[in-house]
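# Structure assessment
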Amino acid sequence: MLKGRHLVEPGDFSKEELEGLFSLAEKIEDDPAFLRECCRGKILATLFFEPSTRTRLSFEAAMLRLGGSNLGFAEPSSSSAAKGESLADTIRTVSCYADAIVMRNPKEGAALLASRFSAVPVINAGDGGHHHPTQTLTDLLTIKRVRGETANLTIGFCGDLKFGRTVHSLAKTLSRYPGIKMIFISPPELTLPDYIKEMLSTEKIPCQEAERLEEVIGDLDVLYMTRVQRERFFNEQDYIRLKDFYILTMEKMEKAKKDMIILHPLPRVNEIAEEVDNDKRAVYFKQAKYGMYVRMALLASLLGVV
Ligand code: NCD
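Keep in mind it's a predicted model, so treat the numbers as computed, not measured.

### Some details on the domain arrangement of the protein
Under the domain assignment, the protein is made up of domain 1 (10–131 + 290–302) and domain 2 (133–288). Put simply, the middle of domain 1 and the middle of domain 2, counted by C-alpha atoms, are 24 Å apart. Listed by partner, the interface residues are 34 residues for domain 1 and 31 residues for domain 2. When the two sides are added together, the surface that domain 1 and domain 2 hide from each other amounts to roughly 2700 Å², 55% of it contributed by carbon and sulfur. In this structure, E29 engages R145 in a salt bridge whose closest nitrogen and oxygen atoms are separated by 2.8 Å. In this structure, the connection of domain 1 to domain 2 is made through 18 residue pairs in polar contact (both at pLDDT 80 or more). Broken down by element, the side of domain 1 that touches domain 2 gets its largest block of residues, 9 residues, from helix α1 (residues 15–30). Of the residues assigned to the side of domain 1 that touches domain 2, the class counts are 13 nonpolar, 11 polar and 10 charged.

### Here's the deal with the packing of helix α5 (residues 133–147) against helix α11 (residues 284–302)
Two numbers describe how α5 lies on α11: the axes approach to 8 Å, and their chain directions differ by 115 degrees. Judged on the interaxial angle alone, α11 and α5 are roughly perpendicular. Our pair here, α5 against α11, has a crossing hand that is right-handed. Along the contact surface, α5 presents T134, Q135, L137, T138, D139, L141, T142, R145 and V146, while α11 presents K286, Q287, Y290, G291, V294, R295 and L298. Its residues placed into classes, the contact of α5 with α11 shows 6 nonpolar, 6 polar and 4 charged.

### Some words on the nonpolar core
Of all hydrophobic cores here, the largest spans 58 residues; its most connected members are I155, F157, M182 and L298. At 10 residues, the largest contribution of residues to this core is made by α11. When residues are assigned to domains, this core turns out to be shared by domain 1 (10–131 + 290–302) and domain 2 (133–288), each giving three or more. Judged by nonpolar contacts, the second largest core, of 21 residues, contains L213, I217, L248 and M260.

### What to know about the packing of aromatic side chains
Tallying each qualifying case throughout the model produces 8 aromatic pairs. Centre to centre, the rings of F49 and F73 are 5.2 Å apart; their planes meet at 90 degrees, and the pair counts as edge-to-face. Highlighted residues: F49 in the loop between β1 (43–48) and α2 (54–65) and F73 in strand β2 (residues 69–73), separated in sequence by 24 residues. When sorted by exposure, F49 lands in the same class as F73, which is buried. Aromatic side chains F157 and Y224 sit 5.7 Å apart centroid to centroid with 55 degrees between the ring planes, which places their arrangement in the tilted category. Of the two residues, F157 sits in strand β5 (residues 153–158) while Y224 sits in strand β8 (residues 222–225), which places them 67 residues apart along the sequence. Residue classification places F157 among the buried positions, given a relative accessible area of 0%. A network of ring pairs unites the aromatic residues F157, F184 and Y224 as a single cluster. The ring of Y177 carries K15 above its face, with NZ or CZ at 4.8 Å from the centroid.

### Structural notes on the sheet that holds strand β9 (residues 261–263)
Pairing is parallel across the open sheet formed by 5 strands, whose spatial order is β7-β6-β5-β8-β9. Each end of this open sheet is capped by a strand with a single partner; those strands are β7 (207–210) and β9. Across the sheet, the mean angle from the axis of one strand to that of its neighbour is 20 degrees, orientation sign disregarded. Across 6 bridges, the pairing between β5 and strand β6 (residues 180–185) is parallel. Counted as the bridge partner of G156 is I183 from β6. Where helix α6 (residues 165–174) meets the sheet, it contacts β5, β6 and β8, and its direction lies at approximately 165 degrees from that of β5.

### What to know about the pattern of salt bridges
Under the defined criterion, the tally for this structure stands at 24 salt bridges. A salt bridge links R165 to E50; the shortest N-O distance between them is 3.1 Å. Separated by 115 residues along the polypeptide, R165 in helix α6 and E50 in the loop between β1 and α2 bring together distant segments of the chain. Taking relative accessible area as the criterion, R165 reaches 7% and is therefore assigned buried. E50 gets classed as buried once you look at its relative accessible area, which sits at 9%. One salt-bridge network, in which partners are shared between bridges, spans E26, E29, D30, K144 and R145.

### Notes on the site of the ligand
Neighbouring residues of the ligand: T55, R104, H132, Q135, R165, T166, R227, Q229, P265, L266 and P267. The separation between an oxygen atom of the ligand and a polar side-chain atom of R165 is 2.7 Å. At 2.8 Å from a nitrogen atom of the ligand is found a main-chain nitrogen or oxygen belonging to P265. Calculation on the ligand without its partners gives an accessible area of 320 Å², and the protein chains cover 94% of this total. Of the residues belonging to the shell around the ligand, the class tally is 3 nonpolar, 5 polar and 3 charged.

Cut-offs applied
Residues numbered from 1 in each chain as written. Predicted model: local features only at pLDDT ≥ 70, side-chain atom pairs only at ≥ 80, totals over all residues. Heavy atoms only, no water. Domains from an automatic or database assignment. Contact = heavy atoms within 4.5 Å. Buried area = accessible area lost by both parts, 1.4 Å probe. Salt bridge = Lys/Arg side-chain N within 4 Å of Asp/Glu carboxyl O. Polar contact = N/O pair within 3.5 Å; in protein donor to acceptor, adjacent residues only side chain to side chain. Helix = DSSP H or I, 4+ residues; strand = E, 2+ residues; numbered from the N terminus. Nonpolar A, V, L, I, M, F, W, Y, C, P; charged D, E, K, R; others polar. Axes fitted to C-alpha atoms, helices over the stretch in contact; angles between N-to-C directions. Parallel < 35°, antiparallel > 145°, perpendicular 65-115°, else oblique. Left-handed = near helix turned anticlockwise from the far one by under 90°. Core = buried A, V, L, I, M, F, W, Y, C linked by side-chain atoms within 4.5 Å. Buried < 20%, exposed > 50% of the residue type's maximum accessible area, 1.4 Å probe, protein only. Phe/Tyr/Trp six-rings, centres within 6.5 Å; stacked < 30°, edge-to-face > 60°. Lys NZ or Arg CZ within 6 Å of the ring centre and 35° of its normal. Pairing = 2+ DSSP bridges. Near = heavy atom within 4 Å. Areas by Shrake-Rupley, 256 points an atom, 1.4 Å probe, with all protein chains shown as cover.

Listed below in structure tokens is the structure:
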């Protein structure tokens with residue numbers, strides 16, 4: 001039962017609970033009338049202290065499709081945070097008005113703190129360069145729907161693995177599935193943080209590090225591309241030097257398996273050439289749609305209406 005629970009980081013839900021969410025999301029995709037109106041009278045607060053397109057709008061669309069309503073802000077400058085209010089006080093207040101809170105915040109650990117002060121479920125929509133568990137739900141549902149299973153896969157994570165919170169959450173969650181091999185492709189400055197590496201080594205997950213995408217692309221079943229996270233760099237010069245380190249082109253795709261799929265949490269900046277969008281292996285826009293279905297399943301479950 002997920003009713004009343006928080007989702008702060010990927011380990012908060014068991015594998016069985018994740019599978020339950022995926023089957024619910026699949027039912028919603030197959031029958032759009034399923035669960036319609038089940039959240040009538042419920043209110044979701046979306047508190048975004050950092051920019052977002054897909055995460056915020058897919059949560060709001062999910063709530064509207066379930067018959068509920070949304071309130072919140074997309075810009076912290078329009079909230080009392082701009083007057084110096086603490087996060088704890090904001091959350092204590094918003095949890096008087098809403099039945100669940102979705103929050104994105106630039107500080108690592110902000111979602112955990114929010115969960116401690118909230119009377120209603122808190123969903124972490126990204127806390128700094130730490131975790132982004134609902135993007136992982138999106139990624140796994142996409143892999144399951146497109147490839148048929150989330151096990152027995154070689155997945156390559158490419159780009160900014162240091163600051164890319166979607167990578168941290170997906171790698172942690174996939175380590176619970178059998179037959180997973182991970183290849184981490186990044187420049188030396190943007191390798192995976194040690195705490196994730198240590199977790200993968202404790203779980204005995206076969207892992208490899210690489211610098212050149214061309215060298216490993218032929219081994220992959222899933223290629224997870226990411227953007228270099230400009231907003232987390234201390235120094236603009238470093239960002240400029242690293243931002244175009246990887247650009248996936250059709251020429252590079254010639255070396256990939258015919259059934260490899262390309263995922264990207266989006267937004268894409270330069271790391272995937274637009275010519276790749278027309279290849280049937282590019283599933284990142286489909287992935288954005290699965291994000292809405294799985295967030296519908298999540299909200300209905302946390303609010304206890306299914
Ligand atoms: C990601 C994020 O916010 O971490 N975006 C998203 O939620 N789809 C990835 C990114 O911003 O690069």
